[in-house]
There are 4 protein chains.
Amino acid sequence: MAGSSVTPTNVPVGVLGATGTVGQRFIKLIALHPYFRLHALGASARSAGQPYHKAVAGRWKQTTPIPQAARDLIVHACVPEPFQGCAIIFSGLDADVAGDVESAFRRAEHAVFSNAKNHRRDPQTPLVVPLVNPSHLSLIPYQRSIQSPPLQKGFIVTNANCSTTGLVVPLTALEKAYGPLDAVMVTTMQAISGAGYPGVPSLDIMDNVVPYIGGEEEKLEWETSKILGGITLDGTTFDLHAESPLRVSAACNRVPVMEGHTETVSVRFTKRPPPTPQQVRETLEAFTCAAQAPLCVPSAPKQAIFVHEEIDRPQPRLDRDFQNGAGVNVGRIRECPVLDVKFVVLSNNVAIGAATSSIMNAEIAIAMGLVSL
Amino acid sequence: MAGSSVTPTNVPVGVLGATGTVGQRFIKLIALHPYFRLHALGASARSAGQPYHKAVAGRWKQTTPIPQAARDLIVHACVPEPFQGCAIIFSGLDADVAGDVESAFRRAEHAVFSNAKNHRRDPQTPLVVPLVNPSHLSLIPYQRSIQSPPLQKGFIVTNANCSTTGLVVPLTALEKAYGPLDAVMVTTMQAISGAGYPGVPSLDIMDNVVPYIGGEEEKLEWETSKILGGITLDGTTFDLHAESPLRVSAACNRVPVMEGHTETVSVRFTKRPPPTPQQVRETLEAFTCAAQAPLCVPSAPKQAIFVHEEIDRPQPRLDRDFQNGAGVNVGRIRECPVLDVKFVVLSNNVAIGAATSSIMNAEIAIAMGLVSL
Amino acid sequence: MAGSSVTPTNVPVGVLGATGTVGQRFIKLIALHPYFRLHALGASARSAGQPYHKAVAGRWKQTTPIPQAARDLIVHACVPEPFQGCAIIFSGLDADVAGDVESAFRRAEHAVFSNAKNHRRDPQTPLVVPLVNPSHLSLIPYQRSIQSPPLQKGFIVTNANCSTTGLVVPLTALEKAYGPLDAVMVTTMQAISGAGYPGVPSLDIMDNVVPYIGGEEEKLEWETSKILGGITLDGTTFDLHAESPLRVSAACNRVPVMEGHTETVSVRFTKRPPPTPQQVRETLEAFTCAAQAPLCVPSAPKQAIFVHEEIDRPQPRLDRDFQNGAGVNVGRIRECPVLDVKFVVLSNNVAIGAATSSIMNAEIAIAMGLVSL
Amino acid sequence: MAGSSVTPTNVPVGVLGATGTVGQRFIKLIALHPYFRLHALGASARSAGQPYHKAVAGRWKQTTPIPQAARDLIVHACVPEPFQGCAIIFSGLDADVAGDVESAFRRAEHAVFSNAKNHRRDPQTPLVVPLVNPSHLSLIPYQRSIQSPPLQKGFIVTNANCSTTGLVVPLTALEKAYGPLDAVMVTTMQAISGAGYPGVPSLDIMDNVVPYIGGEEEKLEWETSKILGGITLDGTTFDLHAESPLRVSAACNRVPVMEGHTETVSVRFTKRPPPTPQQVRETLEAFTCAAQAPLCVPSAPKQAIFVHEEIDRPQPRLDRDFQNGAGVNVGRIRECPVLDVKFVVLSNNVAIGAATSSIMNAEIAIAMGLVSL
């Protein structure tokens with residue numbers, strides 16, 4: 001995967017779903033980005049025609065003010081025309097509209113990076129966690145070729161569900177070092193921000209745990225195999241970890257935490273004897289990803305996986321903002337009496353688990369020369 | 001296990017550690033009990049000599065006032081003499097003193113029912129979850145016989161760690177129906193009340209998950225085998241599930257919940273093929289225990305295991321007080337892609353997980369004729 | 001106010017808004033009531049025709065199961081016909097529909113006890129806090145007489161906003177003892193359950209205070225004068241404390257508490273010199289209300305105002321369930337350097353602050369002979 | 001108040017109480033400071049002799065790692081000798097030891113800036129909120145002169161209690177514009193971080209409000225007059241707002257919020273007629289302080305008071321980190337039916353309410369030429 005030789009400057013981008021939780025996060029990150037520049041915003045028909053600060057009034061839930069670059073941008077409906085000048089489209093749309101809207105933007109020759117679930121299972125749509133499988137972006141030319149009519153520039157890339165993202169980073173590190181995993185058991189304790197706004201009613205979650213999140217366990221179990229798997233030999237789709245089926249069992253819970261998904265994970269290797277906890281620790285600490293080098297994209301964390309030494313870490317409140325939430329935290333690596341090794345994973349669901357992943361995916365696609373600037 | 005034919009009346013009991021969290025709960029429950037009567041209270045030297053309401057001033061954390069039966073009882077130091085008139089001693093002592101104090105009370109011919117961990121691993125001390133293994137109380141005569149000098153009436157019975165208690169109730173139901181389990185994986189999300197008072201600092205747990213509780217995983221993994229196991233053929237100790245080793249893997253977390261431990265559980269049976277989720281559901285719903293019948297002790301829940309139908313239950317805030325917290329809640333029974341079946345368990349850590357267990361154990365021991373009234 | 005000589009038995013009642021938060025509470029309380037019996041339930045058109053347990057599926061948020069008496073009742077639309085057999089109608093309707101629906105039920109000769117705000121400011125509708133101003137119910141005959149056509153049995157009685165209810169109980173005790181108050185300043189810290197379900201999004205209130213509740217300060221400031229005032233000499237309306245204007249200043253806040261509104265209150269008396277804090281304490285402790293005697297209605301608390309001695313009480317979590325939430329808690333009575341005396345009030349917003357008040361109002365109206373049974 | 005003409009560079013500072021909550025915050029801020037440099041750390045005898053990262057292990061509760069500048073500094077006991085090279089001493093000591101230790105450091109000719117309460121009421125010790133009364137620092141020479149023996153360089157300056165700090169900033173703006181205030185009523189809703197670590201037990205504050213904080217109301221009521229008052233004509237002490245006595249009435253509450261004290265405030269002016277809410281708003285927005293200009297100290301906020309327009313702001317979670325917590329937030333300015341005007345104040349109790357104030361006070365004292373560098 002060769003990086004492009006020049007850093008781009010001043011890349012105009014559009015944000016769909018700009019008034020929602022993920023959209024706000026896109027705007028906040030893009031306002032600080034070294035080369036992305038906010039060019040157009042899209043939201044529901046209700047918001048269209050208003051300046052952004054009015055459209056989002058009473059719903060801006062970030063702890064910093066609305067960026068100047070966004071305040072007075074006029075919000076458009078989510079149709080391609082007003083976004084013509086955008087080299088990149090970031091989609092923070094809700095799943096009830098994301099599917100069709102994103103398809104329309106692709107058809108209009110836009111490079112769409114989506115946080116929505118709608119296209120994740122498409123056989124030719126890369127589902128990319130930027131610290132894990134940027135090589136899947138190489139399917140983009142084929143994706144374009146099979147559209148009708150075939151496209152020159154347009155494509156869709158999705159990033160993973162927030163609870164999947166944290167999990168697959170250490171898993172990929174382990175597979176690279178020790179070969180295919182045989183089984184993974186994971187219990188998640190997920191933050192309320194993962195449900196968007198208004199999201200979880202306070203009466204449902206204060207002083208409580210809700211041991212169910214609709215569709216979440218299925219996503220975690222299915223997406224993991226797509227992300228950790230490869231591309232078929234004929235280069236036309238993803239192999240879903242086919243050469244060595246991976247059993248994943250998830251139990252997903254909502255807990256009264258604002259931000260940061262904590263997951264207890266146990267893994268079984270196919271390799272016998274399996275690596276020791278100490279070997280696993282060294283492997284995770286040493287893990288680096290293409291986003292760091294050779295691609296060196298600006299949103300990549302310095303350290304992809306931070307392994308905590310303290311016995312009671314990682315914790316969401318203390319560790320979620322480390323590296324602006326772009327890395328993954330792991331701790332408590334120890335033997336599992338049932339599978340092989342168990343540990344704790346913490347990732348920031350609104351950073352690497354959402355908008356930061358889309359942005360890093362776009363940075364990577366640019367570095368790989370896949371975006372027409 | 002034959003029940004005694006008469007219900008006792010007016011059984012005088014003492015409470016050790018009376019000013020602590022578990023002690024307060026003992027007092028609250030005993031004040032409402034059909035035949036136990038508060039007779040003597042013990043606490044630290046600092047409290048000794050004061051009426052209870054003064055000793056506990058500023059530390060009474062129950063949502064009902066101090067019971068009249070306790071208000072003016074003079075608190076004693078935790079030595080046997082002032083407790084002579086007590087037929088039963090309930091110990092809510094902290095682990096740093098419980099070991100020696102409880103031994104001294106046994107030596108003074110007291111029937112001690114302890115919530116502390118100190119004697120749980122003693123080879124002749126029953127570790128009893130009242131809905132699971134009251135048959136272990138039959139080791140009491142042997143326990144007496146090996147004391148030096150041998151005892152006539154004194155003994156110690158312990159109940160289990162709060163996170164173990166919720167787990168072993170459905171596990172025992174499954175083993176009774178389908179034979180020995182092979183493996184159990186459990187992730188706990190434990191309430192702050194499990195740590196006593198002052199316990200967990202608010203700065204550590206608000207908006208947070210702490211993925212570590214000192215010693216908890218070891219307790220969960222070890223106690224499960226003692227409780228689910230039997231008694232050796234020679235009747236001198238417990239077999240620790242020896243005939244079919246049970247692998248238990250626990251990951252214990254503290255979450256911002258006041259009361260009620262939620263646990264995600266996956267099990268593997270030795271029986272192949274294993275029972276289906278639907279069979280597991282029927283088995284759990286049908287489960288009854290000796291405390292219900294034939295013993296019919298007063299604190300036994302009407303239903304030992306309540307199986308929820310709603311997809312998002314059980315939840316600690318909504319379900320922890322059902323049946324005064326004396327039963328166990330189970331929900332979301334489904335296939336596990338890695339082991340066989342997975343489900344969610346919720347139990348009230350301050351009721352069945354602590355004082356209620358000790359009290360039910362005492363009721364059972366009385367019903368079995370093991371206590372000298 | 002003479003009580004009726006006989007206790008009624010088996011009074012059929014209807015509940016409007018039965019699937020909502022207040023409606024659920026009505027149902028829970030009525031199922032345990034000595035003489036009210038659930039006869040008919042009303043909810044939105046969407047729920048109509050279904051048995052209650054299906055209509056409320058996924059929305060039942062009480063900590064006890066749906067009462068048997070309600071489970072299989074068929075839910076009706078909120079029109080008078082199916083409620084013909086009801087002697088009492090309790091309304092837990094939302095404000096957007098309560099006004100017209102309640103008027104229609106009155107017109108159909110129903111005795112309506114409403115928790116909604118819509119009719120509270122009607123000049124002939126009693127706004128009754130049962131521990132404070134049941135004498136206002138004497139306007140019911142006049143209310144009937146001015147309807148068109150005049151009614152024989154129908155009327156509407158409202159209870160107060162949840163944050164008003166807690167405040168006016170100690171205030172009325174003080175006015176009875178020391179004459180009119182001159183000024184009241186109150187800052188509320190209100191529980192999320194006051195906002196209904198789904199109500200406050202968790203993202204808005206976890207780790208947060210929201211210093212604004214729409215319309216709440218106006219309600220608190222206006223309702224207080226209506227409730228503490230009397231009836232005009234000609235018996236046709238309420239005098240709104242006219243003989244001695246009462247200035248009330250409120251600052252209302254939402255805090256992350258499930259149940260129980262805490263209020264810091266400072267008062268200034270017209271009487272100079274004002275009573276001392278010790279006199280205020282004795283007055284509040286000694287306060288009794290007509291609901292207790294001579295009316296002796298079943299939902300009246302044993303003690304209308306419980307004055308706490310501990311320096312850090314009342315607290316919502318510890319004190320909200322005292323007397324099933326039917327009384328009011330006061331603590332920290334001390335001098336105010338600006339007004340005269342200040343103290344803390346805690347009341348249960350879902351009990352005395354909502355359904356319990358409606359029910360007690362109905363009990364009182366029956367005891368006063370104002371309801372046709 | 002003339003600013004010094006040169007910005008200092010590389011000022012060595014010491015931190016007492018370095019392992020505590022306030023000490024950690026000092027270290028975090030100093031590590032990022034343009035001219036302060038960590039030189040020596042002091043803590044209890046238990047920590048002395050260890051490198052800082054070991055002394056603070058398990059107690060570092062900041063969301064960023066321990067700064068490199070502090071990690072390996074050896075912690076000393078809190079005696080002056082090892083701090084000889086420090087030009088400034090910041091004290092985050094607990095009140096039980098701060099009094100004597102700070103006096104000893106002053107005697108050893110150190111410039112001590114303390115966050116502890118012990119010396120706040122000393123007649124010659126400035127109690128300085130940096131946005132309000134830096135002019136009080138002019139009493140430093142007199143403070144030195146009356147020590148025995150008189151000092152050349154040593155002095156103590158304290159900053160205010162965290163709940164006082166937020167309040168006095170808008171109050172001073174109002175007094176500057178409209179003359180002395182007559183009365184202030186304030187109800188606080190204070191974050192748990194104000195109580196240090198371990199501080200408030202989670203069992204006491206989750207799902208709860210505690211309407212009492214020991215000594216807090218007295219501090220708020222007394223400190224306000226010292227800070228808003230001036231210096232006596234003979235220049236030997238503070239006049240405590242003597243020319244126009246100010247009545248302050250406080251009701252202090254702990255709420256389940258991590259950081260940020262919210263206060264509802266009502267004020268009465270001596271000026272009649274009083275200013276309108278709109279005038280108050282303009283006055284607060286226009287307020288600037290000496291720390292901003294002419295002194296231009298580096299930690300001063302760009303805007304001393306930020307007046308929110310949204311009806312439901314300020315809120316602690318959303319607004320506490322604005323300007324790194326160095327300013328004060330005000331909102332909801334409106335008429336008060338009892339006093340004149342009421343509003344909401346939010347300040348960051350661990351920033352401007354604690355360490356940030358000490359640091360800004362030191363910056364100001366340096367700018368005023370009162371510290372020997």
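From a predicted model like this one, the values you see are computed outputs, not experimental measurements.

Before we move on, could you go through the side chain of S266 of chain C and cite the residues and values that matter?
Position of S266 of chain C among the secondary structure elements: in strand β9 (residues 261–269). Residues in contact with S266 of chain C, not counting those within four places in the same chain, are A183, V184, M185, C336, L339, V341 and K342 of chain C together with M185 of chain D.

Describe the interface of chain B and chain D, and please don't skip the residues or the numbers.
Listed by partner, the interface residues are 16 residues for chain B and 16 residues for chain D. The junction of chain B with chain D conceals about 1500 Å² of combined surface from both sides, 71% of it contributed by carbon and sulfur atoms. For the pair chain B and chain D, the interface holds two salt bridges. The salt bridge partner of D204 of chain B is K61 of chain D, with a shortest N-O separation of 2.8 Å. Applying the counting rule to chain B against chain D returns six residue pairs in polar contact (both at pLDDT 80 or more). Per-class residue counts for the side of chain B that touches chain D are eleven nonpolar, three polar and two charged.

Report on the state of the cysteines, specifying residues and quantitative values.
Across all of its chains, the model carries zero disulfides over all chains by this definition. We note that C78 of chain C lacks a disulfide partner, and the nearest cysteine sulfur, in C86 of chain C, lies 12 Å from it.

Tell me about the relation of the copies chain B and chain A, residues and numbers included.
In screw terms, the move from chain B to chain A is a rotation of 180 degrees and a rise of 0.0 Å along the axis, fitting with an RMSD of 0.0 Å. Taken together, the rotation and translation relating the two chain copies correspond to the operation of a two-fold axis.

Any chance you could break down the pairing of strand β5 (residues 111–114) of chain B for me, citing the residues and the numbers?
Residues and elements named next belong to chain B. Burial along β5 is two-sided: A111 and F113 facing one way and V112 and S114 facing the other are all buried. Sheet analysis places strand β4 (residues 88–91) next to β5, joined by three bridges and oriented parallel. Residue pairing for β5: S91 is matched across the bridge by S114. In the classification by handedness, the crossover that spans β4, the intervening helix α4 (residues 95–107) and the parallel β5 is right-handed. Here β5 runs beside strand β6 (residues 155–158); their pairing, made up of four bridges, is parallel. Each bridged residue has a counterpart across the sheet, and for F113 the counterpart in β6 is V157.

Lay out the pattern of salt bridges with the relevant residues and their values.
Using the criterion set out here, one finds 46 salt bridges over all chains in the structure. For the salt bridge of E223 of chain D with R120 of chain D, the shortest nitrogen-to-oxygen distance reads 2.9 Å. Taken as a pair, E223 of chain D in helix α8 (residues 216–228) and R120 of chain D in the loop between β5 (111–114) and α5 (140–145) lie far apart in primary sequence, 103 residues in all. With a relative accessible area of 4%, R120 of chain D lands in the buried category. Salt bridges sharing partners connect three or more residues here, namely D182, R247 and R268 of chain A.

Residues and numbers for helix α6 (residues 162–178) of chain A, please.
Residue and element names in this part refer to chain A. With 17 residues, α6 should reach 24 Å at 1.5 Å per residue; the first-to-last C-alpha distance of 25 Å fits that figure. The sharpest bend along α6 measures roughly 30 degrees and falls at V168, with the proline P170 sitting one to four residues further on. α6 sits mainly inside the fold: 15 of its 17 residues count as buried. Where α6 terminates, the next one or two residues include G179, which has phi positive at roughly 85 degrees.

Please provide a residue-by-residue account of the side chain of E363 of chain A, values included.
All names here are of chain A. By the secondary structure assignment, E363 is in helix α11 (residues 351–367). One buried charged residue, E363, forms no salt bridge at all, with the nearest opposite charge on R25 at 13 Å. Residues contacting E363, with those up to four places away along its chain left out, are H33, Y35, F36, V297, P298, S299 and A300.

Would you mind going over unusual backbone geometry in detail, with residue names and values included?
If a residue is not glycine, its phi is most likely negative; likewise, a peptide bond is most likely trans. The step from A293 of chain B to P294 of chain B runs through a cis peptide bond, and the omega angle for that step is 10 degrees. With respect to the secondary-structure elements, P294 of chain B resides in the loop between α9 (277–286) and β10 (305–307). Cis rather than trans, the peptide bond between R272 of chain D and P273 of chain D has omega equal to -15 degrees. Within the secondary structure, P273 of chain D sits in the loop between β9 (261–269) and α9 (277–286). A positive phi is found at N10 of chain A, a non-glycine position, where the angle reads about 55 degrees. Relative to the helices and strands, N10 of chain A resides in the segment before β1 (11–16). The residue R332 of chain C is not glycine, and still its phi comes out positive at about 55 degrees. Structurally, R332 of chain C is set in strand β11 (residues 328–335).

I'd like a rundown of the environment of T9 of chain C, residues and numbers included.
By the secondary structure assignment, T9 of chain C is in the segment before β1 (11–16). A sequence separation of 309 residues divides T9 of chain C from L318 of chain C, and the C-alpha atoms of the two residues are 35 Å apart.

Tell me what's going on with the packing of helix α6 (residues 162–178) of chain C against helix α8 (residues 216–228) of chain C, and back it up with residues and numbers.
Residues and elements named next belong to chain C. In contact at an axis separation of 9 Å, α6 and α8 are set at 35 degrees when each is read in the N-to-C sense. Here α6 runs over α8; the crossing is right-handed. Of the residues in α8, those touching α6 at C162, S163, T164, L167, V168, L171, T172 and E175 are E216, K219, L220, E223, T224, I227 and L228. Of the residues in the contact of α6 with α8, the class split is seven nonpolar, four polar and four charged.

Describe the UniProt feature "active site" (unreviewed entry) in chain A, with residues and values.
Residue and element names in this part refer to chain A. Mapped onto this numbering, the UniProt entry gives "active site" (unreviewed entry) at C162 and H261. Look at the named residues: they lie 100 residues apart in sequence, but the longest C-alpha span between them is just 8.0 Å, so in the fold they bunch up. For C162, a relative accessible area of 11% puts it in the buried group. Look past the residues within four positions of C162 in its chain and what remains in contact with it is Q190, E216, H261, S347, N349 and G353. Tracing the backbone through its elements, the reader meets H261 in strand β9 (residues 261–269).

Tell me about the relation of the copies chain B and chain D, and name the residues and values.
Expressed as a screw transformation, the operator carrying chain B onto chain D has a rotation angle of 180 degrees and an axial translation of 0.1 Å, and the superposed copies differ by an RMSD of 0.0 Å. Of the residues that chain B buries at the interface, 100% are likewise interface residues in chain D, meaning the two copies contact each other through the same surface.

Lay out the sheet that holds strand β8 (residues 247–254) of chain B in plain terms, naming residues and giving numbers.
Residues and elements named next belong to chain B. If you trace the six strands from one edge of the open sheet to the other, you get β8-β7-β9-β12-β11-β10, paired in mixed fashion. Each edge of the sheet is formed by a strand with only one pairing partner; in this case those strands are β8 and β10. The average angle at which neighbouring strand axes cross in this sheet is 20 degrees, direction not considered. As paired strands, strand β7 (residues 181–190) and strand β9 (residues 261–269) are joined by eight bridges and run antiparallel to one another. Bridge pairing in β9 places L181 opposite F269.

Thresholds, definitions, all that
Residues numbered from 1 in each chain as written. Chains lettered and ligands numbered in written order. Predicted model: local features only at pLDDT ≥ 70, side-chain atom pairs only at ≥ 80, totals over all residues. Heavy atoms only, no water. Helix = DSSP H or I, 4+ residues; strand = E, 2+ residues; numbered from the N terminus. Contact = heavy atoms within 4.5 Å. Buried area = accessible area lost by both parts, 1.4 Å probe. Salt bridge = Lys/Arg side-chain N within 4 Å of Asp/Glu carboxyl O. Polar contact = N/O pair within 3.5 Å; in protein donor to acceptor, adjacent residues only side chain to side chain. Nonpolar A, V, L, I, M, F, W, Y, C, P; charged D, E, K, R; others polar. Disulfide = S-S within 2.5 Å. Least-squares fit on C-alpha atoms with pLDDT ≥ 70 in both. Buried < 20%, exposed > 50% of the residue type's maximum accessible area, 1.4 Å probe, protein only. Pairing = 2+ DSSP bridges. Right-handed = clockwise from strand over helix to strand, strands pointing away. Expected span 1.5 Å × (residues − 1). Bend = angle between axes of the 7 residues up to and from the residue. Lys, Arg positive; Asp, Glu negative; His and termini not counted. Axes fitted to C-alpha atoms, helices over the stretch in contact; angles between N-to-C directions. Left-handed = near helix turned anticlockwise from the far one by under 90°. UniProt positions renumbered as here; feature names shortened; annotations may be inferred.

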